[in-house]
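These are the residues of each chain, in order.
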Amino acid sequence: MHRRERKRWLPAAALSGTLAAGALAFLPAIAQAQNDGEAQQPTAQADFAAAAAEFEVPLPVLLGVAHEESGWQQHTGYSNTGGWGLMNLTDVTSAMAADGAAGASGRSDLASFTGRPELHTLRAAAELTGLPAEKLRNDRLDNLRGGAALLASYQKKLTGRTSDDPSEWTAAIARYSRLSDKKAATSYVDDVFATLRSGARQKSPAGTPVTLAAVPSAKPAPGQLRALALKDTAAPQAECPESMNCRFTAAAPSNGQVSDRPANGMRISQIIIHTTEGSYDGAVKAFRTPGGSSAHYVMRSSDGAVTQMVPDKDIAFGDGNYDSNLHSVQIEHEGFSAHGADWYTTAAYRQTAELVKYLADRYDIPLDRQHILGHDNVPGPSAGTLTGMHWDPADGWDWTRFLRMLGAPVDNRRHGVGAVGAAVTITPGFHRNRQTYTVCPADDPSGTVTACTPVTGPSSALFVRTAPSSDAPLVLDPVVHPDPAAKGGTDRVSDWSVTVQAGQQFVVADRRGSWTAIWYDGQKGWIHDPHGMNTTPATGVRIVKAVGDGAAPVYGTAYPDAAEYPAGLSPSTQAPLTAKNYVIPAGQAYVADQPPAASADFFPSGGQVVTGAKHYYTVQFNHRYVLVNAADVTATHTPGR
């Protein structure tokens, strides 16, 4: 069964405004008393106390910083920040840059994604303590010792001494945040001291509490921050329609790249809809944390308020595919994909539509489903990353309603199918199209679901089956489901490989009774379509077929050829997706909505854009798109539109 990858990398503290008490993931089970009178192993509380005493860090300061960093959760390198343990010691690797939000697989400059010192505090802690990195990652006490050693080293460098007064640690706490912006670092310090004043208590599953006793007198000493030479960067004007409630708060510099799109020749051609898998404030906080991901905009569920975090001209790291990051503007939405229909509010739809129309007009982006996309529609940049790509906002996002609000409805024409070989648009509606998905705890970071449970609700999607019958297995993507015994996909809410969504377009492969077959994922897949009620004939598109008798390769990125890079720039590798079925076989046909676009690459060190001679179609391949070299296919333009 396909296992859902965590979408967003928010510490539990960031979710506290959203999740019910007790829904958080707690510290690993603290050892209970042994039988036959054996001694009880140290508790987390005792480990905090031991680490604080060893390095002369006030216990409230160590507890408060750990609470801010991890929510007192045991991180295990779970995120793009490479954060480990209760102290969130960072160790970002090239593999994380390749496979994470940056999606930099195949790039020659991976080291540039991981070169900042703030992305490697674990290494600094290892030097200070003499402890192996492995122990700092996985041993609770040693992780706390590493964090305490870092705090103490910052304190001594900044003030020349340790102190029992938490206020005297203001600069050291700010330094631990890894934030260079004055506003962001000050906010971090304020959060830590707010926790110190209020106190905190949290139980582990074993029932042993971790407690920070309130220190009502604890207040930061703002004057200490001068020693850090923090940047006091004036926030630019948020790029939003005047009617919208927008502010600008900068994401951490390591979470994206400075560019000058589209003035430098790098076109902006996609708008990607994301879901935070947590709270609005938590997403803003996560994007401000160095070494993680980012998005251009974050949308609040309750009222559609927006925080812009990356200027449109710059590149955000959120799509998990660097080529997509290069060309996209990304909008995160507060909520949880497993319960999307409950979180995507009317206010969020209206404000997102206003923002998307503004961006589409500004950057000449077509209002169709090959350019206005969900994160779940973006392919992996390489064969090895296909299964790990995220599945938000999932099928609970009402694409029919949203496209109508954009002035680009897909449901305003007569439903039907057309002849075999014709293109159709998927148009099942939303509220009347009720589907049943299985939601498991791994799909639901909100903590609402505690066991795998079937949930029926409105959906933008149709299931794709291997035969024209409701009893037939769901279509099998052997990349997502590599088990040789697997007969098909699953109905898990996270299993993107078995559905098509409203607005997507495919070529009719067959018709039988109330079922329509489409070319999908290199196979013939069947959707329930009685009397054509779930499809509409598509006009004004390109039907793409492989040239000759061979299969046309497909790609997750579109970089120039190596010979097209100027001297001094190392080419990114461009290779076809080699996963099983990932080709356009002879005899099959797929849909491209727009003309092919030139390949391109970007080098932030010099701000240079490289444009290649080859052009690539964006083709609807399965639930996700792929890129196809125009020279490998023929494209027949259907009339209309």
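See the structure printed just above.
Residues numbered from 1 in each chain as written. Predicted model: local features only at pLDDT ≥ 70, side-chain atom pairs only at ≥ 80, totals over all residues. Heavy atoms only, no water.

A few words now on empty space enclosed by the protein. Under the defined criterion, the tally for this structure stands at four cavities of 30 Å³ or more. The calculated volume of the largest cavity comes to roughly 110 Å³. Together, 13 residues line the largest cavity, and Val92, Ala97, Phe113, Gly291 and Gly292 are the ones closest to its centre. Among the secondary structure elements, those contributing two or more residues to the lining of the largest cavity are helix H4 (94–99) and helix H5 (111–114). Among the residues forming the lining of the largest cavity, the class breakdown is eight nonpolar, five polar and no charged. (1 Å grid on protein atoms, 1.4 Å probe; cavity = no way out; pocket = protein on both sides within 12 Å on 5 of 7 lines; lining within 4 Å. Points joined across faces, edges and corners; volume = space filled by probe spheres on them. Helix = DSSP H or I, 4+ residues; strand = E, 2+ residues; numbered from the N terminus. Nonpolar A, V, L, I, M, F, W, Y, C, P; charged D, E, K, R; others polar.)

Turning our eyes to something else, we now look at the environment of asparagine 143. Mapped onto the fold, asparagine 143 is located in helix H8 (residues 140–159). Residue asparagine 143 is classed as buried on the basis of its relative accessible area, which comes to 0%. As for asparagine 143 and asparagine 88, which are separated by 55 residues in sequence, their C-alpha atoms are 8.4 Å apart. Every residue in contact with asparagine 143, bar those within four places of it in the chain, is listed here: Trp84, Gly85, Leu86, Met87, Asn88, Leu89, Lys135 and Leu136. A polar contact is formed between the side chain of asparagine 143 and the backbone oxygen of tryptophan 84, at a distance of 2.9 Å. At 3.1 Å, the side chain of asparagine 143 and the backbone nitrogen of leucine 86 are in polar contact. (Buried < 20%, exposed > 50% of the residue type's maximum accessible area, 1.4 Å probe, protein only. Contact = heavy atoms within 4.5 Å. Polar contact = N/O pair within 3.5 Å; in protein donor to acceptor, adjacent residues only side chain to side chain.)

Inspection of the entire model under this criterion finds 15 aromatic pairs. Centroid distance tyrosine 565 to phenylalanine 603: 5.9 Å. Interplanar angle 90 degrees. Geometry classified as edge-to-face. You can see tyrosine 565 sitting in the loop between strand S21 (552–553) and strand S22 (583–584) and its partner phenylalanine 603 sitting in strand S24 (residues 597–603), a full 38 residues away along the chain. Neither tyrosine 565 nor phenylalanine 603 differs from the other in exposure class; each is buried. Among the aromatic residues, those joined into a cluster by ring pairs are Tyr344, Tyr349, Trp397, Trp399 and Phe402. Between the NZ or CZ atom of arginine 369 and the centre of the ring of tryptophan 399, over which it lies, the distance is 3.7 Å. The ring centre of tryptophan 496 lies 3.9 Å from the NZ or CZ of arginine 624, which sits over that ring. (Phe/Tyr/Trp six-rings, centres within 6.5 Å; stacked < 30°, edge-to-face > 60°. Lys NZ or Arg CZ within 6 Å of the ring centre and 35° of its normal.)

This part covers the layout of surface pockets. As a volume, the largest pocket reaches approximately 1000 Å³. Broken down by secondary-structure element, the contributors of at least two residues to the lining of the largest pocket are H5, helix H10 (182–198) and strand S4 (256–257). Per-element tally for the lining of the largest pocket: the top contributor is H5, with three residues.

Interhelical geometry of helix H6 (residues 121–129) versus H8 gives an angle of 85 degrees and a closest axis separation of 9 Å. Classified by the angle between their axes, H6 and H8 sit roughly perpendicular to one another. For the pair H6 and H8, contact is made by Thr121, Ala124, Ala125, Leu128 and Thr129 and by Arg145, Gly146, Ala149, Leu150 and Ser153, respectively. Looking at the contact of H6 with H8 residue by residue, the class counts come to five nonpolar, four polar and one charged. (Axes fitted to C-alpha atoms, helices over the stretch in contact; angles between N-to-C directions. Parallel < 35°, antiparallel > 145°, perpendicular 65-115°, else oblique.)

Within the sequence span of H6, burial applies to Thr121, Leu122, Ala125, Ala126 and Thr129. End-on view of H6: buried residues confined to an arc of 145 degrees, all on one side of the axis. Where H6 is buried, its residues touch helix H2 (44–55), helix H7 (133–138) and H8. (Arc of directions from axis to C-beta.)

A complete count under the given rule lists 24 salt bridges for this structure. Of the charged contacts, one joins aspartate 510 and lysine 524 as a salt bridge, the two residues approaching to 3.5 Å between their closest N and O atoms. Of this pair, aspartate 510 sits in strand S16 (residues 505–512) while lysine 524 sits in strand S18 (residues 523–528), placing them 14 residues apart in sequence. The class for aspartate 510 is buried, based on a relative accessible area of 19%. Looking at lysine 524, the relative accessible area reads 34%, which means it is partly exposed. (Salt bridge = Lys/Arg side-chain N within 4 Å of Asp/Glu carboxyl O.)

If you look at the biggest cluster of nonpolar residues, it comprises 52 residues, and the most contacted ones within it are Val500, Tyr582, Ile584 and Val619. Among the elements that take part in this core, strand S17 (residues 515–520) stands out by supplying five residues, more than any other. Apart from the residues within four sequence positions on either side, isoleucine 584 is in contact with Val544, Ala546, Ala551, Ala552, Val554, Tyr590, Val619 and Val628. Listed in part, the 49 residues of the second largest apolar core include Trp84, Ala148, Leu151 and Ala172. (Core = buried A, V, L, I, M, F, W, Y, C linked by side-chain atoms within 4.5 Å.)

Looking now at the sheet that holds strand S7 (residues 306–308). Taken together, six strands build an open sheet; the order of strands is S3-S7-S6-S9-S5-S10 and the sheet is mixed. Both outer strands of the open sheet, strand S3 (246–248) and strand S10 (372–374), are each paired with one neighbouring strand and no more. Each strand axis lies, on average, 25 degrees off the axis of its neighbour in the sheet, ignoring direction. In the sheet, strand S6 (residues 297–299) pairs with strand S9 (residues 328–333) via three bridges, with the strands oriented parallel. Residue valine 298 lies in a different strand from S9, and its bridge partner there is glutamate 332. Sitting on the sheet, helix H11 (residues 280–287) is in contact with S3, S6, S7 and S9, with an inclination near 165 degrees to S6. Sheet strands in contact with helix H14 (residues 346–363) are strand S5 (270–275), S6, S9 and S10, and its direction is about 170 degrees off that of S9. (Pairing = 2+ DSSP bridges.)

As a packed pair, helix H3 (residues 59–70) and H10 sit with axes 9 Å apart at the nearest point and diverge in direction by 120 degrees. Relative to H10, the element H3 is oriented oblique. Our pair here, H3 against H10, has a crossing hand that is right-handed. Within the contact between the two elements, H3 uses Pro60, Gly64, Val65, His67, Glu68 and Glu69 and H10 uses Tyr188, Asp191, Val192, Thr195 and Leu196. A class-by-class count of the residues in the contact of H3 with H10 yields five nonpolar, three polar and three charged. (Left-handed = near helix turned anticlockwise from the far one by under 90°.)

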